[in-house]
Amino acid sequence: MVVEPEHASVNGRKRPQRPRRTHREVAEELRARIRSGVLRAGERMPTQAQLAEEFGVERGVVRRALGILHSEHLLTQVSKGAPAKVVADPGGALTGPAASPVPTMVGLAPRIAAAFAAEQVEVDAVCLTSISLNLALGEPLRQIHAGRLKPARIDVRILLPSRNIDLAFPVPVDGRHRDDTHTVHQRWLLQRNAQGQVLKHNLLALRATHGIDVRVSFRALPFTPPVKLYLLNGAEALFAYYTLSRREAEIGQERLEMYDAEGIQSLLFAFEQGASLRDTTFVEQSHLWFNALWETISSELALLN
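Report on the accompanying structure. All values reported here derive from a predicted model rather than from experimental measurement.

Reading across from one edge, β8-β13-β12 is the order of the three strands in this open sheet, with antiparallel pairing throughout. Of all the strands in the sheet, the pair left with one neighbour each is β8 (171-172) and β12 (245-251). Along the sheet, helix α7 (residues 178-210) contacts β8, β12 and β13 (254-260); its crossing angle with β13, the most-contacted strand, is approximately 75°.

Now for the packing of helix α5 (residues 104-115) against helix α6 (residues 131-145). To characterise two packed helices, one gives the angle between the axes of the helices and the distance between these axes. α6 packs onto α5 with a crossing angle of 45° between their chain directions and a minimal axis gap of 8 Å. Judged by the angle between their axes, α5 and α6 are oblique. Judged by the twist between their axes, the crossing of α5 over α6 is right-handed. Across the interface between the two elements, T104, L108, A109, I112 and A113 from α5 touch S132, L133, A136, L137, E139 and P140 from α6. Tallied by class, residues from the contact of α5 with α6 come to eight nonpolar, two polar and one charged.

Moving on, we get to the environment of R247. By the element assignment, R247 lies in strand β12. With eleven residues separating them along the chain, R247 and M258 place their C-alpha atoms 5.6 Å apart. Engagement of the side chain of R247 in a polar contact is seen with the side chain of D260, the distance being 2.7 Å.

Among the six residues in strand β10 (residues 227-232), six count as buried, and that is most of the element. Burial of the side chains of β10 extends over both faces: V227, L229 and L231 are buried on one face and K228, Y230 and L232 on the other. By the bridge criterion, four bridges tie strand β6 (residues 120-126) to β10 in an arrangement that is antiparallel. Its bridge partner being in β10, D124 is matched across the sheet by L231. The sheet contact formed by β10 and strand β11 (residues 236-241) spans six bridges and is antiparallel. Along β11, the bridge assignment pairs Y230 with L238.

F169 connects to P170 through a cis peptide bond whose omega is 0°. By the secondary structure assignment, P170 is in the loop between β7 (153-161) and β8. A positive phi angle, near 70°, is found at S130, a position not held by glycine. Along the polypeptide, S130 turns up in the loop between β6 and α6.

Once that is clear, we can look at helix α1 (residues 23-36). Its 14 residues place the ends of α1 20 Å apart at the C-alpha level, agreeing with the 20 Å of an ideal helix rising 1.5 Å per residue. Trailing α1 by a residue or two, G37 shows a phi angle of about 90°, which is positive.

As a further point, take the sheet that holds strand β5 (residues 102-103). Strand order across the open sheet formed by eight strands is β5-β14-β11-β10-β6-β7-β9-β15, with mixed pairing between neighbours. Where the open sheet ends on each side, the last strands, each with one partner, are β5 and β15 (299-300). With four bridges joining them, β11 and strand β14 (residues 267-272) adopt antiparallel strand pairing. For L238, the partnering residue across the bridge sits in β14 and is A270. Lying on the sheet, α6 is in contact with β6, β7 and β10; it crosses β10 at an angle near 25°.

As a further point, take the packing of aromatic side chains. Remark: the centre distance and the inter-plane angle together describe each pair of aromatic rings, the angle taken between the planes. Per the counting criterion, the structure on display carries five aromatic pairs. Note on F239 and F282: the rings are 5.9 Å apart at their centroids and 85° apart in plane angle, and the pair reads as edge-to-face. With F239 in strand β11 and F282 in helix α8 (residues 277-295), this residue pair connects regions lying 43 residues apart in the sequence. Residue classification places F239 among the buried positions, given a relative accessible area of 17%. Judged by its relative accessible area of 25%, F282 is partly exposed. An angle of 20° between the planes, with centres 5.8 Å apart, marks the rings of F290 and W294 as stacked. Taken together, the residues F290 and W294, both in helix α8 and four residues apart, mark about one turn of the helix. Each member of the pair F290 and W294 is classed as buried. Here the aromatic residues F239, Y241, F271 and F282 are joined through ring pairs into a cluster of three or more.

Thresholds applied
Residues numbered from 1 in each chain as written. Predicted model: local features only at pLDDT ≥ 70, side-chain atom pairs only at ≥ 80, totals over all residues. Heavy atoms only, no water. Pairing = 2+ DSSP bridges. Helix = DSSP H or I, 4+ residues; strand = E, 2+ residues; numbered from the N terminus. Contact = heavy atoms within 4.5 Å. Axes fitted to C-alpha atoms, helices over the stretch in contact; angles between N-to-C directions. Parallel < 35°, antiparallel > 145°, perpendicular 65-115°, else oblique. Left-handed = near helix turned anticlockwise from the far one by under 90°. Nonpolar A, V, L, I, M, F, W, Y, C, P; charged D, E, K, R; others polar. Polar contact = N/O pair within 3.5 Å; in protein donor to acceptor, adjacent residues only side chain to side chain. Buried < 20%, exposed > 50% of the residue type's maximum accessible area, 1.4 Å probe, protein only. Expected span 1.5 Å × (residues − 1). Phe/Tyr/Trp six-rings, centres within 6.5 Å; stacked < 30°, edge-to-face > 60°.

Here it is as structure tokens:
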């Protein structure tokens, strides 16, 4: 009888059973290792057999995961007999204008960090709660505190849905019960305000700690944005769709089914001014669209519950 790897004994003891991972989850973990430098540029990957053992999956799952990273131009020699190899410039493959779209949690942070290397930092964002933006700001804030980044000015403008509208999402699946609708709305509002307050506090604190001229502004939209958009230093536009799914969430002591979107998983498409006529036009039109919303139908936003 063949013993599965997760049940094989070690020193007479059974290994604990590990949950099965999909090829996308394996690719996400390996991508994170490449991004963080654990797997260095030009370095050989572990063998497929080693990866299969580590992740507790079949080799076919590993092959599909490596295929994803190859399509993203992160790996070479995937089909050769020897282990695959990390490309010479994984940073460019992950974040450059020719990069394949990646989840927001993977693609946004390095672009925000690169934007903060400028002397004058400008970030404009349209989003549902600013959770992804908050997560992405962690790295440049750490680098500023460590003295590796020293911008002179930071100007951040964020458009978020108004508290007074009927949101398109998140909403309960059964919208007939007004109490459930109110509960879901209040949960979103708490998230929106908490994330906004943390973001504002962390950025404004740089005035006192590092003497940086920081401005953070919020305005409210009269609609639920179906997409998220980040504009960086007038030169980049990062765009993602909010894709809805049906899921269950625990709110207080109650479990509710709702239609919602997990923004940190939304695929982020990158456009860079000067990369091509198409990219340049997209960046320019995105700025026109953002400024038009900011200056016309948006209103003052107070981060109050």
